[in-house]
Structure formats: structure tokens, C-alpha cells
Amino acid sequence: MAALLRGLRAGRTLRGLCSVVSAPPAANPQCSGLTRGIHCAALRLQDESKSDKPPPSSSSTTHHEHYQTHSAEQASTSDPAAEEASRPNTSYQDQSGEQGEEYETEEQLQVRILNAALEFVPLHGWSMEAIAAGAETLDLSSASTGMFYNGAGDLVLHFVSHCNSQLTEILAEQHKQVQLGQAEQKRTADFLRDAVETRLRMHIPYIESWPQAMSILLLPHNIPNSLKHLSTLVDDIWFYAGDRSTDMNWYTKRAALTGIYNTTELVMVQDSSTDFQDTWNFLDNRIQDVVNMAGTAKQVQSTGEAVVQGLMGAAFTLKNLTGLNQKR
Amino acid sequence: MSNCIGPVMIRQCLKCRGPLQLSSRAYSVLPPPRDSEEKEMLDRMLRVDHAGEYGANRIYAGQMAVLGRSRTGPLIQEMWDQEKKHLEKFNEILAENRVRPTALLPLWNIAGFVLGASSALLGKEGAMACTVAVEESISEHYNSQIRALMEKDPERYTELLQVSNKEFRDDEMEHHDTGLEHDAESIPGYWLLKKRYTTGCKAAIYVSQRV
């Protein structure tokens, strides 16, 4: 289906190109060479494919438009010359703004459709209707939703992984700032709080329908993927928070953060305070709990060690007192 | 197509969380992984190596707990110190490459200590027999890793091969020979003991690769 549409568009661009080439260059005093002509046509074709207007049917109209783009161009003659040199003949292969790629893979097309579909989620919820509406804004038939075997699950999983990559970019940027000395390293608790808050704020535009999305993620065939996204999210956050542990702490830290994230997400879904202030307070409290627990665990361990030492000392003293320690 | 990077490819590159801009060291023992398959293979190798060194550390700790004050104490202490260095190196590599440590670490903690202590209770020869068996399994394991990496792409993994595998494997072989020198074979039932230890090690390696 997508290939058919691309073929139609290619046909349109070829027709446009032919009509330009057939216009006599000698009649146009301003057009100095054939390459300029093709370049002008290419610019016009780019505009045309972006706005999806029907191609000019008569050569005279073509001629006028050709003049117009060319005269507009005369104002900045240096730039076109430079541009010409860098992309001489390939610009007429440009299709719908794909920066020089010859074609896009199915995966890229799916990503584009799902991105467009996100706009319609507030209206249609996380469903095939939203995907169909998104496909239609890209001038594809709504039957292209047949590509998505998992239906709404695909949309939700795409959104989740998109948000996770955004968060990773933000955290990497912050990390770079710290390494360059332009920012202070945050305390772990603050870092975790900010990271979780940033990530959960990405749900705000879709918060009305988020319970539906959560339930879709809990469907049995989606659970492996949603768990994978959750684990990469939590691993990324801890990595940027500075965790480099290689023992059981690796597991306990991630388990704790997963618990915090999931419970905060649930709180957020039914929060009605302004700007979700209740949710952020809840998050603060949970993180404080974990920090307290870690501190308590450490205290318990050192107390235990001290007690063992005390007991061993007491046993030794007893042995001395009863004379068991003497060498006979 | 190679000269244009669309947003999808950038995202995919970000998903492949190699140590690109995150490592502050100029060099890294591992090359940044090309794809998720390679990352998984390297992850598995490093995970089991780390678990192995951790276990060996605990085995020597067990042996020292029993034989620490005997004549063989200093010898075991020396071998233990070398294992500690190996473990430190692997901790570094794991942290740098964001490899998940095996979830069975507490199990190896206890099992290793019990193994070391129980073998030391059989006397000096018992401890040496345990050392010989364990070091033999570990050397065998490192050798098969070296073979696998050389088969794939020796140049890509030279650092890893040199530092972790060849150096450490040589150390382990040295421990093995030390064990043999110190009358490991004189213990009655040596072959049976050795068989049991090596089978246990193989099972541990297999499980640690996956869990």
C-alpha cells in the first residue's frame, strides 16, 4: 500500500520534471543553465510534495512558477550556487522530506504512523482508531493499520519506549553537564526524584486515557515487552545516578526503584490536585522511605557486628575465668 | 544510506548503551558492542567470569578460615590475594559496561565458603586438591572463552583477551600447578574428589551464564 502511494508520488514528480525540461530554456533569459533549471524544479517539487498540491497541468503555468521561484532565488544567489554544488542531481529523488534516503524501511514507516497516531489518543484512546487516524494524516489509507499485528499494544509500547529514550537523552545531557563541570552532581535521592518526576510528566498529555494504556501493558502478550522497557528505564536511571555496584545491591536498588515508579504511576493516574502536587509529594515520601531503609539496614549490620564482637569477647573472658584457656 | 542518520537510528544508537561517552577512561577493555547479540555474548562471558572470581575468592576465604594459622596459611593467602585482584578487575569491567551481575551471588558466597572450609578440614592435601580441581575448571573455562573470542574476531577483542583472559588464565594455571606441587594428589580418593569439584564448577558456570 505504502509502495503504491510512493509510486504515484514518483509519477507526479516525473511529470513535473518533464514539463519543466520541455520549457524552452532559450526563451528564459534569466535561466543560465540546465542545472539551474533542474534545481528550481527540484525546489518547486519539494514544496509540491510537502503541501501535496496537484501538479501544474499546463506548461505555461509551469513556466510562470519557474520564473517566480527563480526570481525569488535571485535575491540570494550565493546560497543556491553553494547548494547546487553540494547536491547537483539527487534532489529530485527527494520524497516527502526524507533527507536523501532512497526509501524508508517498514520500521521507520511504522514509527512515523505511530508518532502521528499519538495526537489522536486523547480523542480515540489507545486503539486502532487512533492509529488509523494517524495514518490518514500522513496521507496513507487507514488500511495501513494492518501492519500493526499487536494493535493498540504497538501504540502503547512505542510511546513507552519513546518516553524512555527521551529520558535517557535528558539524563545523558545532565551527566555531560556535570562532567564538564557546568553543573553540580545531585544527591542520589534528589536525582532519583527528578528523574522519576521527569519521566512521569511525559504521561500528562495522555493522563485521561493512561489507565487504559496501563491495562494494555498488562495483557499477557505485552508483559515481556513492558517488563523489558521498565527494566531498561530503571537501569538507565540508576546508571546515571552513579550506581556501579556489582553485587546484590544491583538487584535491590533496581527492585526498590521499580516499586517506587510503579506505585507513583498508580497514584498519578487518580490524582486530581493542581499540577499533580500530591503525586510528587507521594514520590518524595517513598524515596525517603527507601533511603531510611538503606540507612537502617546499614545500622543493623554494624550493630550486629558489634554485638558479635562483644559476645566473642565475653566468651573469651569466661574461658579465662574458668581456666579453660590454660595450656596444660 | 550510511551518511544520513534519521531520528530512529539515533534512538536505536542510544538504546545500544555502549560505553561511548560515559567512560571517563581513555581506553576500555571492551570495544563498544556492534549490536545487541554481541552485547549479550559479552555480557554472558563477563557475568560468568565475575561469578567465577567471586566464588574463587570465597573458596580461598573458607580455606583460610580453617588452615589460616597452619603452615600452608601464607601460601593460601598469596593465592587469595591474586584472586582478589582478579575480582577487582572484573568489578571494574562490569561497572563500566553496565553488565548485570549474576543473581546467584549470595549462593556462590555461601557455597564457595563451605566448599573451601570443608576441603580444608580434610587437611592440607584436601585443600590443595580442591584448589587443583577448581583452578583446572576455571582455566578450561577461560580457554574456551579465548577460543570463542579468537574465532569471532581476534583483533576486536585483543584488549579483553590480553588482560582478562590470558593474564588471568595464566595466574589460574599457576595456582593449579602450585596445588599439584603441594601434594594435592596424595590424598586418598583424589580422583573422586576432583571429579566432584569439577562437575560442581561446570554446573556453576552453566547456571551463572544464564541467571
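Residues numbered from 1 in each chain as written. Chains lettered and ligands numbered in written order. Predicted model: local features only at pLDDT ≥ 70, side-chain atom pairs only at ≥ 80, totals over all residues. Heavy atoms only, no water.

### Some details on the environment of I110(B)
Here's step 1: Within the secondary structure, I110(B) is located in helix 4 (residues 105-121).
Here's step 2: Here the alpha-carbon distance between I110(B) and E140(B), two residues 30 residues apart in the chain, equals 24 Å. (Helix = DSSP H or I, 4+ residues; strand = E, 2+ residues; numbered from the N terminus.)

### Looking at the UniProt feature "binding site: Fe cation 2" (unreviewed entry) in chain B
Residues and elements named next belong to chain B.
Here's step 1: In this structure's numbering, the residues bearing the UniProt feature "binding site: Fe cation 2" (unreviewed entry) are E83, E135, E172 and H175. On the basis of their most widely separated C-alpha atoms, the annotated residues across 93 residues gather in one place, lying no more than 11.0 Å apart.
Here's step 2: Mapped onto the fold, E172 is located in helix 6 (residues 158-181).
Here's step 3: Among all residues touching E172, those that are not within four sequence positions of it are E53, E83, H86, E135, I138, S139 and Y142.
Here's step 4: Following the sequence through the fold, H175 ends up in helix 6.
Here's step 5: Not counting residues up to four positions away in its chain, the partners in contact with H175 are Y60, M79, Q82, E83, T131 and E135.
Here's step 6: A distance of 3.5 Å separates a polar atom in the side chain of H175 from a polar atom in the side chain of Y60. (UniProt positions renumbered as here; feature names shortened; annotations may be inferred. Contact = heavy atoms within 4.5 Å. Polar contact = N/O pair within 3.5 Å; in protein donor to acceptor, adjacent residues only side chain to side chain.)

### Side note on the nonpolar core
Here's step 1: Ranked by size, the top nonpolar core spans 55 residues in total, and within it I113(A), W126(A), L155(A), W210(A) and I237(A) carry the most contacts.
Here's step 2: Counting only elements with at least two residues in this core, the list comes to helix 5 (106-118), helix 7 (128-137), helix 8 (152-179), helix 9 (188-201), helix 10 (210-217), helix 11 (223-241), helix 12 (248-269) and helix 13 (277-321) of chain A.
Here's step 3: Looking at this core element by element, the count peaks at 10 residues for helix 8 of chain A.
Here's step 4: Ranked by size, the runner-up nonpolar core spans 42 residues in total, among them C130(B), I138(B), Y190(B) and L193(B). (Core = buried A, V, L, I, M, F, W, Y, C linked by side-chain atoms within 4.5 Å. Buried < 20%, exposed > 50% of the residue type's maximum accessible area, 1.4 Å probe, protein only.)

### A closer look at the confidence of the model for chain A
All names here are of chain A.
Here's step 1: Per-residue pLDDT for chain A has a mean of 79; in total, 69% of the residues score no lower than 70.
Here's step 2: In the model, residues 23-29 has pLDDT below 50 throughout and makes five contacts with residues more than four positions away in sequence or in other chains.
Here's step 3: Taken as a whole, residues 46-95 scores under 50 in pLDDT and shows 52 contacts with residues more than four places along the chain or in a different chain. (pLDDT = per-residue confidence, 0-100.)

### Side note on the pattern of salt bridges
Here's step 1: Following the criterion strictly, the structure yields 18 salt bridges over all chains and no others.
Here's step 2: Across the pair R286(A) and D289(A) runs a salt bridge, and its minimum N-O distance is 2.8 Å. On the criterion of helical spacing, the pair formed by R286(A) and D289(A) is a turn pair, its members being three residues apart in helix 13.
Here's step 3: Residue class for R286(A) comes out partly exposed when judged on its relative accessible area of 25%.
Here's step 4: Taking the relative accessible area as the measure of exposure, D289(A) reaches 37% and is therefore partly exposed.
Here's step 5: For R147(B), the salt bridge is made with E140(B), and the minimal N-O distance between the two is 3.8 Å.
Here's step 6: Linked through salt bridges whose partners overlap, the residues forming this network are D235(A), D236(A), D243(A), K253(A), R254(A) and R98(B). (Salt bridge = Lys/Arg side-chain N within 4 Å of Asp/Glu carboxyl O.)

### Focus on a negative patch on the surface
Residues and elements named next belong to chain B.
Here's step 1: A grouping of E78, E174, D177 and E181 is seen on the molecular surface, where their side chains present a negatively charged patch.
Here's step 2: Looking at which element gives the most residues to the negative patch, the answer is helix 6, with three residues.
Here's step 3: For E181, a relative accessible area of 60% puts it in the exposed group. (Patch = residues over 30% accessible without salt bridge, like charges linked within 9 Å, V, L, I, M, F, W, Y side chains within 5 Å. Areas by Shrake-Rupley, 256 points an atom, 1.4 Å probe, with all protein chains shown as cover. Lys, Arg positive; Asp, Glu negative; His and termini not counted. Charge placed at Lys NZ, Arg CZ, Asp CG, Glu CD.)

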